[in-house]
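# Observations on the model geometry
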Amino acid sequence: MSASWTNALACCHEIKPIQEAHTPLEILAIALQHHCIRLTPFMSALTISSISGSAWFASLRRPVINPTNRKCSTVPIFSLNNQYSRNFHLSWLGFFVAFLSWFAFSPLIPDVIKTDLKLTSEEVGNSNIISLCSTLIVRVISGPLVDRYGPRKVMASLLIIGAIPSGLAGTVSTANGLYIVRFFIGILGGTFVSCQAWNTVFFDKNIVGTANALGAGWGNSGGGFTFIIMIALFNQLLADGISPHIAWRAAFAIVPVPILLSVAAATLIFGTDHPAGKWNDRHGAVATVPAASDDQTSIIDTKTTKTKSGEDIETGDEKDIKVTVTAIIVSELDTAVNEPLSLNMANTIIFSPLTWLPALAYMTTFGYELAIDANLATVLYTLLKSPTFGQTKAGYIAGIYGLLNMFSRPLGGYFGDLIYVKFGVPGKKYLTIACGVAQGLLSLGLGFYIDNHSHPSLTVIIVIFVILAIFNEVANGVNFSLVPHCNPNSNGFMTGIVGAMGNLGGILFAIIFRFGPSPAGKAFWISGVIAVPWDGFLTYFTWEVASTIIEVMMMTQYLAASQQISRTSSSSPDSETNSSPSAFSHVPTTPSTAFTPLSGSPGPYQNLQNDGLPIPFFPASLDGPERNGPQLPQCLPQLPNNDTPTEVAEQDLETPDNWINRNPQLIRLTGKHPFNCEAQLGVLFECGFLTPAHLHFVRNHGAVPQVSHEMTANWTIRIHGLVEREVTFTLQELQEQFPVVTLPVTLVCAGNRRKEQNVIRKTLGFSWGAAGGEISAHIDWPSLPTSVSSIDSPLDGRVSGRCGDNLPNGPYGTSQRLSWASNKDKGMLISWAMNGLPLEPDHGFPVRVIVPGQIGGRSVKWLRHIEISDRESQHYLHFWDNKLLPTQVMPDQARAEKHWWYDPRYIINELNVNSAIAKPDHNEKLYIDKTPEEKGPIALYPIRGYAYAGGGRRVTRVEVSLDQGLTWALSNIEYPEDQFREARHQDPVYGDLDGTERDTSFCWCFWTFNVSHEVLASCDALMVRAMDEGLALQQRDMYWHALGMMNNWWFRVVVHRTVNDDGKIVLLFEHPTLAGTAHGGWMERMKMAGENISAPVFGENGRDLVPRVPKHESDEICLTKPGINRKITLEEFKAQDRQRPWFVVSGEVYDGTPFLKDHPGGGDSILLVAGEDASEDFFAIHSAEGKHKLVEHHIGTLVTKFIKDTPTTTQPDETFLERSRWKSVRLCDIKQINHDSYLYRFALPKGDQLLGLPVGQHVFVRLRRQDTGEMVQRAYTPVTQQGTVGFIDFLIKLYLPSTSIPTGGKMTTGFYQLRVGDSVELKGPLGSFIWDGPSTASWQGMRKTIKEVGMICGGSGITPILQVLRSILQNPESETLVWLISANKTQQDILCREELDTLFESHGRERFKLHYTLSVAPEKWPYSVGRINDVLLSEHMPQYSEHGLILACGPDAMIAHSVKPGLQNMGWDIEKSLVVF
């Protein structure tokens, strides 16, 4: 077992106010808040607008560098003496010159090349498409290469490789040769990926849209210049007397080749890989501050550049302007680091809507631009050809389209950045789509104009296509201001995908022009018809799907953003809780410096000699790992010895945290990074009351801020907001001016024990175990100087905070009630040490906040700012996390319905009462002698564990049950925290350690319950529950909810009893779950066995199973078999023998023949879909296991699209059902049978129509869920009497959403939503068994005379049993004897009992033997109690005979674990004699 909480000894500067009421000394505890100085984008825009023109022009000359990520926040296009300017110009220049070869054919091919090579128009079109295909492939490939090797090297490599086929272009003499050369020249189109990724690496989020658009726009203008250059050069060569045959070939040798090679050389010589230097050093980009050259400005600390209130920015000095600009930069941190592509990362990106929104939009915009660039000259030449309008003029005019990229694409980037200021990322998305729709409408207009005019005006055409080009290219520019926000750690791959989709669009649009639709304008309006609805679909997709998914994925993007922020002085607002908004958050504003280990030069605090700060004041894991805190008096709990890690864990080596030494034994809950962990529960528990730092749980949202000695010396905390006067303190000032106190505090994550909820149903959080908190020591300052003398205190004030992270919905922040924060008894602290040593980096070094008694989300690290406000935080994450939503609200519903998150009734602040069993540990074994010594001492086992409560409330009792909750006994409780109330101690480091005046309880307590080995051996399970002084009691049942927080149902440990070879009893203890992704625990085991784990029953009563590791199922399952490449035509598929059935699922063909015998639903289920598309049927009813089995039978791919018959309501024939066609029936009546079962009657199309269902068979029913729109289906046996006409009855047991089944049954919930008049669809008959005579059955293709039939049913499994029972007993010619066992939970659950009892009375004991068994029975119940077992079967089922048969229908667990083994023990051959419906 593992643990996700910790206890803490906290040293603090305590609130000792100089004045009463709302003194400033209380305000610091009131604030308890990291408040980030982060200007909103809107404020940033206002600030920018107020900067003088000279300052704006200076930003075009001088790069302004953000030291937190070393990226540039201006585009210094008028300078070449810094790496940002040089790399920007090299990026667009490399893309620009690629066009000189890539597009060199386009202006010459309509006339001279076409004539010289004797090409047809189709061959010209083919060459255009081939070139685009090549670029598409290269862009996909170059993306991952950029992420691995860097954009500079990939750019140069592509230019060099592309120069080779460019030099060979002159050797082309045939159409095939042209295809080959253009294919390899198309490699140059991959330079676009390098161009965009290069700019994204060097430019910050606030300006990257403009940088990308400028780079792409100026680069794309190469397409326009190519038209001009190639035509001009070709004409000049003709004027010099060179033949056309030679001239066009010479043009390739003169222009593209030398320029490509020259720019490639310049890229390698003058370019740089990354702001950090070499590409391999990119992970250290945010760890140090680059030295500022004369040509660049670094961000400087705002405290050194304050302006007076109301002072106009323009009147300030240059430093003031810089501060304003750099404040904007801090607000838009972009520190994503390109990571090499892995399979998991590729899957995440490929299946993310963040990928496909820009990619699909780019397909319609850039794809259109490519097609126009390649074909416009040809169209104009064909349309307007005359003695005065030839190839040259057409080429020059067509070149305008590309040249417009010089300003229109950059304009798109500028608009993208501008709209981002007010509307964020969604603004960029919708602007992209709007421009795409406008492009489509203009293309429609251009096409209609050309087609409706026999002599269209060249002027009108130019005006329309210029406007069209602007919208088209603005859309492209906006798109690539959006791309950097999507999958930032794989920007190369992301850019490659989007760029490749642009080429795919180019191919699609080129095909339209390739087939030359007539008249000439048709290609334009067809393109418009495609673009308008396509972008309209994207709009719907954005509104209805992506926004919801992005909200769900918001936490993932937050991790990616904050991990970069936190590597520097602008650290992230990480807290030691589960993705929860923190009460305090911050972004430091002091300059970041390189981290230097203390083995080098000492930092400013290393030699500090003042009392109150440990020497050296730096984390022990980074300096002096042998250190321990000063020992406490013997009357107090003693500090544990630290086992401080001295090496970076292997998992961290490739992460931004590769400088932190961590305990490799901690359980990582979220993979390698970010670091979220807890200790093994047993290990943590054995450490005692105070937890060493190396076992303290960690909750990080991203990378940890790397705080150097210099940053520590300059660290300040700013108190501002509704205070009379703002004030700022350094750590030294706090230490000198205020007393230090030490308090023990327990921190607990709100997600503690969430793994148990995740096993029931996946929540929105990751899986903390039962150690989601830890007891650790913290030294804190909750006090303010007397100079801050008053606060403007609203009646319902809030302490609010925010951070500078870059999330789609704004920064991370939360708030605390002012009345709570100002109450000394609440114990809110500002902490700088734990267990007498400086905080570790993972725990908030150099200073953090501690909020005792509340969830860990209110205790945030790296404190910088405290703000007092008059309302609760309005930050997105304050509302969208740390909520305990109603159990009825599913995760998808919670994300879709925002009102849940804004309801203050659901917010979590204080902890609830909780307890757990630590000893015995998971998988612990206890060996007991079978025959203990009679006169020896009674052997006892001490069951031990922890308990805690919230809000300072004391745990008053802990009770243990050994009989699954029937009776409870009190345990003995130890309160180590009380020892701090009985002593006063002073120490230079701990300050005042005095709890004599405190009566609140903020720490865990320990409990023990001794039980004899003999009693323990008779137990099936151990259970514990606790109560606090507010009389809050841990409940029996889990309150599952979408976030999985505050889980505190009884903690249960299962006891497994075996006997070993030595004759000793062996007790194996099994905890509910294992933390993180590890498999194990009774909850997973019993869930796999089909047990009800939300109301578990253990031991003999619960038919508990032997522990085993459950299978892990993947969410995404490939349905094809590796190596199967067979192509199957529709004709071949239809010709297949239906008795050797083939069927189609998602376009793939499967042979069901080998599985006919083993299919759980019988071979008829497969034969029913022979020669059909079974996709809907398959996915509606099959689980992941079924999908895995399907793969085994994959034989090929259907090459012809399968046209399915649509469900119809047909005119009635003699019978209603058809095996291969769905037919509709209408619901005409609903009758409630008992508390959870209903009779649904459906009318057949004709009142005198027979159903046509043989006895023993069933029908498929399918319906569309009214809440989700999902099509679901399942096989049911109707309870209609045989021979009934005009209607069909189904007896349905409903499994509605509940605590035990959060989502409810898919099909039965759909039934519950039906109303009279609604329709469902039926298909059948289905099944391998038929009772077709007085005493005859057909099964597995054989008819057999049956003299004895045993029937076993569980719950609603009575329905197929009842059909056969009626047919036997109501047929006077039948002599078959019948035995029936009906198993149910309660007497009220017995379905059709009245009819069963009537049949029993009519036919007596000689012919029909009826027996019931209940799990829970009334006092005078005449039948059996308990589940079906061997004894019950032997007493109430017939003995095996040659003419006997057993029919069974019920839960899989009942059939597999009770019925089949029991019948085998009776001698039945279950392969030949057991029919399972």
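Right above here is the structure, for reference.
Given the structure is predicted, the values throughout are model-derived calculations rather than measurements.

## Observations concerning the side chain of arginine 1262
Among the secondary structure elements, arginine 1262 is positioned in strand β36 (residues 1258-1264). For arginine 1262, a relative accessible area of 4% corresponds to the buried category. Of note is the side chain of arginine 1262, whose polar atom sits 2.6 Å from the side chain of glutamate 1321.

## Overview of the side chain of threonine 226
You can see threonine 226 is positioned in helix α10 (residues 208-239). Setting aside chain neighbours within four positions, we find threonine 226 in contact with Phe99, Leu100, Phe103, Ala104, Pro107 and Ile231.

## Overview of the pairing of strand β29 (residues 1065-1070)
Across the six residues that make up β29, a large majority, six, are buried. Burial along β29 is two-sided: the residues Ile1065, Leu1067 and Phe1069 and Val1066, Leu1068 and Glu1070 are all buried. Looking at chain direction, strand β19 (residues 925-928) and β29 are connected through four bridges and run antiparallel. The partner of leucine 926 across the bridge, within β29, is leucine 1067. Bridge count for strand β28 (residues 1051-1059) against β29 is six bridges, and the pairing is antiparallel. Of the residues in β29, the one forming a bridge with valine 1055 is phenylalanine 1069.

## Regarding the nonpolar core
Core analysis: the biggest nonpolar cluster contains 87 residues, and Phe88, Phe105, Ile113, Leu159 and Trp248 have the highest contact counts within it. For this core, the element with the most residues is helix α4 (residues 83-102), which contributes 11 residues. Beyond its immediate chain neighbours, meaning those up to four positions away, isoleucine 113 contacts Phe105, Leu108, Lys118, Leu119 and Trp248. Judged by nonpolar contacts, the second largest core, of 71 residues, contains Leu926, Val955, Val960 and Val1024.

## Some thoughts on the sheet that holds strand β41 (residues 1336-1339)
In spatial order, the strands read β40-β41-β42; together these three strands make up an open sheet with antiparallel pairing. The outermost strands of the open sheet, each flanked by one partner alone, are β40 (1329-1331) and β42 (1342-1345). On average, adjacent strands in this sheet sit at an angle of 20° to one another, irrespective of strand direction. In the sheet, β41 pairs with β42 via four bridges, with the strands oriented antiparallel. Of the residues in β42, the one forming a bridge with serine 1338 is arginine 1343.

## Structural notes on the pairing of strand β18 (residues 914-919)
With six of its six residues buried, β18 lies for the most part within the structure. Where β18 meets strand β20 (residues 940-948), five bridges bridge the pair, whose relative direction is antiparallel. Bridge pairing in β20 places isoleucine 917 opposite glycine 945.

## As for the packing of helix α11 (residues 244-254) against helix α12 (residues 256-270)
Running from N to C, α11 and α12 point in directions that differ by 10°, and their axes come no closer than 4 Å. Classified by the angle between their axes, α11 and α12 sit roughly parallel to one another. Residues Ala251, Phe252, Ala253 and Ile254 of α11 touch α12, and the partners they reach there are Pro256, Val257 and Pro258. The residue inventory of the contact of α11 with α12, partitioned by class, reads seven nonpolar, no polar and no charged.

## What to know about the pattern of salt bridges
Taken as a whole, this structure holds 33 salt bridges when the rule is applied. For arginine 1393, the salt bridge goes to aspartate 1397, with nearest N and O atoms at 3.4 Å. Highlighted residues: arginine 1393 and aspartate 1397, both in helix α36 (residues 1393-1407), separated by four residues, approximately one helical turn. What makes arginine 1393 partly exposed here is its relative accessible area of 22%. By relative accessible area, which is 22% here, aspartate 1397 ends up partly exposed. Because the salt bridges share partners, they merge into one network encompassing Asp652, Asp657, Arg662, Arg668 and Asp842.

## Describing α11
Buried residues of α11: Ala247, Trp248, Arg249, Ala251 and Phe252, and no others. On its buried face, α11 sits against α4, α5 (109-116), α7 (151-168), α10 and α12.

## With respect to the environment of asparagine 642
You can see asparagine 642 is positioned in the loop between α20 (522-565) and β5 (667-668). Owing to a relative accessible area of 17%, asparagine 642 belongs among the buried residues under this scheme. Placed 14 residues apart in sequence, asparagine 642 and asparagine 628 show a C-alpha to C-alpha distance of 6.3 Å.

## Quick word on helix α9 (residues 191-202)
Here α9 is 12 residues long and its end C-alpha atoms lie 17 Å apart, about the 16 Å a rise of 1.5 Å per residue gives. Within α9, 12 of the 12 residues are buried, which leaves it mostly tucked inside the rest of the structure. Inspection of α9 places Thr191, Phe192, Val193, Ser194, Cys195, Gln196, Ala197, Trp198, Asn199, Thr200, Val201 and Phe202 among the buried residues, and these make up the whole buried set.

## Focus on the sheet that holds strand β27 (residues 1021-1028)
Read from one edge of the open sheet, six strands run β19-β29-β28-β27-β21-β22, paired in antiparallel fashion. Only two strands of the sheet have a single partner each, and these edge strands are β19 and β22 (969-970). Pairing geometry for strand β21 (residues 955-961) and β27, over six bridges, is antiparallel. The residue bridging serine 961 from the neighbouring strand is methionine 1023, located in β27.

## Quick notes on a nonpolar patch on the surface
Together, Ile137, Ile141, Leu145, Tyr149, Ile180, Phe183 and Phe184 make up an exposed nonpolar region whose accessible area comes to about 640 Å². Where the nonpolar patch is concerned, the elements lending two or more residues are α6 (121-149) and α8 (175-185). Here the element with the most residues in the nonpolar patch is α6; it accounts for four residues. Checked against the element boundaries, phenylalanine 184 lands in helix α8.

So, how was this worked out
- For every chain, the first residue of the written sequence is number 1, and numbering continues from 1 onward in sequence order.
- Given that the model is predicted, a residue must reach a pLDDT of at least 70 before its local features are reported, and side-chain atom pairs must reach 80 or more before they are shown or counted; all residues, however, enter totals for whole chains, interfaces and linings.
- The side-chain values count all of the structure's non-hydrogen atoms but skip hydrogen atoms and water molecules.
- We count a stretch as a helix when DSSP gives it H or I for four or more residues in a row; a strand needs E for two or more, and each element gets its number in order from the N terminus.
- A simple rule labels every residue: compare its accessible area, found with a 1.4 Å probe on the protein chains alone, to the largest value its type can have, and call it buried under 20%, exposed over 50%, or partly exposed in between.
- Distance and chemistry together define a polar contact, namely a pair of N or O atoms within 3.5 Å, with one atom able to donate a hydrogen and the other to accept it when in protein, and with adjacent residues in sequence counting only for side-chain atoms on both sides.
- Note on contacts: a residue pair qualifies if any of its non-hydrogen atoms lie within 4.5 Å across the two residues.
- When DSSP finds two or more bridges between a pair of strands, those strands are recorded as paired.
- Only buried Ala, Val, Leu, Ile, Met, Phe, Trp, Tyr and Cys residues count toward a nonpolar core, and they belong to the same one when joined by side-chain atoms within 4.5 Å.
- Note on method: axes are straight lines fitted to C-alpha atoms, helices fitted across the in-contact stretch only, with angles between N-to-C directions ranging 0 to 180 degrees.
- An angle counts as roughly parallel when it lies under 35 degrees, as roughly antiparallel when it exceeds 145, as roughly perpendicular when it falls between 65 and 115, and as oblique in every other case.
- When residue character is reported, Ala, Val, Leu, Ile, Met, Phe, Trp, Tyr, Cys and Pro are called nonpolar, Asp, Glu, Lys and Arg charged, and the others, Gly included, polar.
- We count a salt bridge whenever a side-chain nitrogen from Lys or Arg sits within 4 Å of a carboxyl oxygen from Asp or Glu.
- How far a helix is expected to stretch is found by multiplying one less than its residue total by 1.5 Å.
- Without a salt bridge and with relative accessible area above 30%, a residue can belong to a patch; like charges are then joined within 9 Å and nonpolar side chains (Val, Leu, Ile, Met, Phe, Trp, Tyr) within 5 Å.
- Residue exposure ignores everything except the shown protein chains as possible cover, and the areas themselves are Shrake-Rupley values with a 1.4 Å probe.

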